[in-house]
Amino acid sequence: MSVEELRSMTKFRCSEGVKEALITIPSKEDIKGIFFSMPKSKAPGPDVFPVEFFWETWSVVGNDLIQAVKEFFQGGRMLKGFNEIAISLIPKVVGAEKLNLFRPISLCSTIYKVIARAMEKKLQLVVEDIVQRNQFIGWFKECTTTPTYSVIVNGEMNGHFQGKKGLRQGDPISSLLFVMAMDVLSKMLVLRSFFMMSGVGSENGNQARVLTHLILGSPAVFKENEEERLSTTPQRSDSWIWKSLCNLRHIARPIIICEVGNGNLARFWHNNWTSHGPLIDLTGPRGPGVTGLHVDAVVAEALRDGNW
């Protein structure tokens, strides 16, 4: 997707004042404030220095730390050691032995956390729609494309490999970058659904609403053309997010439109493929018996020689 296409989707433009705020180098006071506002008792990164160490030694190392952070914003390049990450494996269950029973967490250096928090404050100014600005974008690119990783096994650092893609869980800027990317993706999905559903309207002539996707706090969960889950009873082991979503089924069901296609996937009785809601709701449980179409029939089974 080109920059022009992105601009056409995001109509908002920053004022000149906000643009300048985005590319302004943090002041000495700003950097010091970030250092002393960071949460304590956090696991240190590969540099093994927690933030409490810098608090206690600020009179000795404070100026050097501030200069290190300012040099990143002035030159746009980060020292390799600042962006080294230790991956710690946290067991999900007692006695975990297999890799899938561990949850990896990223432990970043304190210097990187300060840089990321400074950028996070800037990003919060325009989190929903951000103007293209080369210097500002360069800072983010440097942070997200230069990390190296080591894995902590039995308390020791092992391996050293270059990160390839993706955002790190726990990185202060990851959540805001995720929201921005999902905002554009949402607009793309809505635009796609508009073209797919053009000409499909409700009884009163209004354009039918289409539920294309759901976005949760972590990855996007796509439910396009998938009504079956709306009839699923939540299990005790399901996440609280899914249980909460199930409580909204009565709102989601009327606005989900099933794409028929060749009819082999669209369920005749249970999918909203006619824009009038599931047919089973209109006919009642006697519908399948009267028509001769079993309750789990697909739309294609209702055709005979290509005709209804």
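Please refer to the structure higher up on the page.
Overview of the structure. Model, not experiment: these values are computed from the prediction. (Residues numbered from 1 in each chain as written. Predicted model: local features only at pLDDT ≥ 70, side-chain atom pairs only at ≥ 80, totals over all residues. Heavy atoms only, no water.)

## Some thoughts on the overall build of the protein
Defined as follows: Every helix listed is a DSSP run of H or I at least four residues long, and every strand listed is a run of E at least two residues long, numbered separately from the N terminus. Throughout this description, buried means an accessible area under 20% of the type-specific maximum (1.4 Å probe, protein chains only), exposed means over 50%, and partly exposed covers the range between. Contacts: residue pairs with any heavy atoms within 4.5 Å of one another. Every accessible area reported is derived by Shrake-Rupley at a probe size of 1.4 Å, with residue values counting cover from the shown protein chains alone.
Looking only at helices and strands, one finds twelve helices and six strands in the protein. For the protein, with 308 residues in total, the buried portion stands at 35%. Pairs at least 24 residues apart make up 60% of the contacts formed inside the protein by residues separated by at least 6 positions. For the protein, the accessible surface area stands at approximately 18,900 Å², while carbon and sulfur atoms represent 56% of it.

## Examining the pattern of salt bridges
Formally: Should a side-chain nitrogen of Lys or Arg be within 4 Å of a carboxyl oxygen of Asp or Glu, the pair is scored as a salt bridge.
Across all of its chains, the model carries two salt bridges by this definition. A salt bridge links Arg 77 to Glu 142, with the shortest nitrogen-to-oxygen separation between them at 3.7 Å. You can see Arg 77 sitting in the loop between helix H5 (58-75) and strand S1 (84-91) and its partner Glu 142 sitting in helix H7 (residues 134-145), a full 65 residues away along the chain. Note that Asp 296 is salt-bridged to Arg 267, the shortest N-O span being 3.2 Å. Here the residue Asp 296 occupies a position in the segment after helix H12 (287-291), and Arg 267 occupies one in the loop between helix H10 (249-252) and helix H11 (279-283), the gap between them amounting to 29 residues.

## With respect to the packing of aromatic side chains
Two measures describe an aromatic ring pair: the distance that separates the ring centres and the angle between the ring planes. Quick note on the threshold: A pair of Phe, Tyr and Trp rings is counted when the ring centres sit within 6.5 Å of each other, with Trp represented by its six-membered ring. The angle between the planes then sorts it: under 30 degrees is stacked, over 60 is edge-to-face, the rest tilted.
Using the criterion set out here, one finds twelve aromatic pairs in the structure. With a centroid separation of 5.2 Å and 75° between ring planes, the pair formed by Phe 36 and Trp 58 is classed as edge-to-face. Taken together, the residues Phe 36 in helix H3 (residues 28-37) and Trp 58 in helix H5 connect sequence positions 22 residues apart. Residue classification places Phe 36 among the partly exposed residues on the basis of a relative accessible area of 39%. Classification of Trp 58 as buried rests on a relative accessible area of 13%. With centroids separated by 5.1 Å and ring planes inclined at 75°, the aromatic side chains of Phe 72 and Phe 73 adopt a geometry described as edge-to-face. The exposure classification of Phe 72 matches that of Phe 73, with both residues buried. Among the aromatic residues, those joined into a ring-pair cluster are Phe 35, Phe 36, Phe 49, Phe 53, Phe 54, Trp 55 and Trp 58.

The analysis is restricted to geometry; functional conclusions fall outside its scope.
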